[in-house]
Structure formats: C-alpha cells, structure tokens
Amino acid sequence: MKNRPYRPTADDVSQWEQSLESLLSNKYGKAAFYIFLKSEFCEENMEFWTACEDFRQQTSEKDLASKASSIYEEFIRNEAPKEINLDFHTKNAIVQSLQQPNASSFLAAQRKAFSLMENNAYPRFLHSDLYRQLSHSAS
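Here the structure is a predicted model, which is why all the values come from computation and not from measurement. (Residues numbered from 1 in each chain as written. Predicted model: local features only at pLDDT ≥ 70, side-chain atom pairs only at ≥ 80, totals over all residues. Heavy atoms only, no water.)

As for unusual backbone geometry
Not every positive phi belongs to a glycine, and Phe-41 is a case in point at roughly 55 degrees. Relative to the assigned elements, Phe-41 resides in the loop between helix 3 (27-39) and helix 4 (44-56). Given the relative accessible area of 73%, Phe-41 is considered exposed. For Glu-79, which is not a glycine, the phi torsion comes out positive at approximately 70 degrees. For Glu-79, the position within the fold is in the loop between helix 5 (61-76) and helix 6 (88-97). Take Glu-79: its relative accessible area is 68%, and that puts it in the exposed class. (Helix = DSSP H or I, 4+ residues; strand = E, 2+ residues; numbered from the N terminus. Buried < 20%, exposed > 50% of the residue type's maximum accessible area, 1.4 Å probe, protein only.)

Shown next, in the form of structure tokens:
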C-alpha cells in the first residue's frame, strides 16, 4: 500500500478560518501558513513566535539563558539575520531581561509579532491561492 500525502479535512480547513490561534494549533495549518509566509518573504514573525513558544517550555536556567541568547541574536539585535520590527522600548526590555531571562522575557515582543501576523498576513493567507487550493482539495 502506497503512502498517500496527508490532505487536511474540510473541518481542518474551516477551523483555520476561525482564528490565527486555530490555524497555528494545527500542524498542517501551521505548515501551510509558513509556506504562504515564505512565499511573501515575511516568515520571520512566525519563526520568532515559534521560537518564543519553545523558549517558554524551557525549565532549566541554563537552557533559558542559552535559548534567550540565540533568540536575541537571530531576531532582536540590530542587523539580526531575521530581525523583526520592534519598538525601542520592547527591544530595551528584552535586553534588560537577558541578564536573568525568564519564561516571559519575550512575551511582549511575541504578542507584537502575533498581532502583526493576525492583522496582516493571516487575512492575506485566507484570500490566497494556496488557501483556496487547500480548501478546494479538502472538500
């Protein structure tokens, strides 16, 4: 028996329309949204949001410090490879928290990234050819 590629069900796809949270909580929805973001050259907010979700799961201080440093280097610092757009106060608060990072060190920035996705990219995704194709193939 051949392995068939997974196709999301009509229920899956209709759930994705409900909210960005619903979309991101489904691994196939999250993957489809990421593909869409890459096609628009704006995947850094989702990568940052995902890194923050992973960061908040860390339990040891050593792991928190290591992960905080890598998130800062990849997404926050000026000229970072995947720098996200944050205001001075949010960046400054992150820099201060790097001395003793905790699970909420990136929370304000993560909320800003989520809001940008929710208000900009997510509506475009719902009107994209990719979403229409997924919706059609799931029916």
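What about the side chain of Glu-47?
As for its placement among the helices and strands, Glu-47 is situated in helix 4. On the accessibility criterion, Glu-47 (16% relative accessible area) is buried. In this structure the side chain of Glu-47 is engaged in a polar contact, spanning 2.7 Å, whose partner is the side chain of Lys-82. In this view, Glu-47 contacts Tyr-34, Phe-75 and Lys-82; residues no more than four positions away in its chain are not counted. (Polar contact = N/O pair within 3.5 Å; in protein donor to acceptor, adjacent residues only side chain to side chain. Contact = heavy atoms within 4.5 Å.)

Re the pattern of salt bridges
Oppositely charged side chains are able to pair whenever their charged atoms sit close together. In total, this model carries 10 salt bridges according to the counting rule given. Arg-124 serves as the salt-bridge partner of Glu-40, at 2.6 Å between the closest nitrogen and oxygen. Remark: Arg-124 occurs in helix 7 (residues 107-126) and Glu-40 occurs in the loop between helix 3 and helix 4; sequence separation between them is 84 residues. Where Lys-112 meets Asp-87, a salt bridge forms, and the shortest distance between an N and an O atom there is 3.1 Å. Of this pair, Lys-112 sits in helix 7 while Asp-87 sits in the loop between helix 5 and helix 6; the two residues are 25 residues apart in sequence, bridging distant segments of the chain. By relative accessible area, which is 35% here, Lys-112 ends up partly exposed. You can call Asp-87 partly exposed: its relative accessible area is 32%. Via salt bridges that share partners, Glu-47, Glu-74 and Lys-82 belong to a single interconnected network. (Salt bridge = Lys/Arg side-chain N within 4 Å of Asp/Glu carboxyl O.)

Focus on the packing of helix 4 against helix 7
Here helix 4 crosses helix 7 at 140 degrees, and the two axes come no closer than 9 Å. As helix 4 packs across helix 7, the resulting crossing turns out to be left-handed. Note on element contacts: helix 7 touches helix 4 through Leu-107, Ala-109, Gln-110, Ala-113, Phe-114, Leu-116 and Met-117, opposite Asn-45, Met-46, Phe-48, Trp-49, Cys-52, Glu-53 and Arg-56. Residues of the contact of helix 4 with helix 7, tallied by class, amount to 10 nonpolar, 2 polar and 2 charged. (Axes fitted to C-alpha atoms, helices over the stretch in contact; angles between N-to-C directions. Left-handed = near helix turned anticlockwise from the far one by under 90°. Nonpolar A, V, L, I, M, F, W, Y, C, P; charged D, E, K, R; others polar.)

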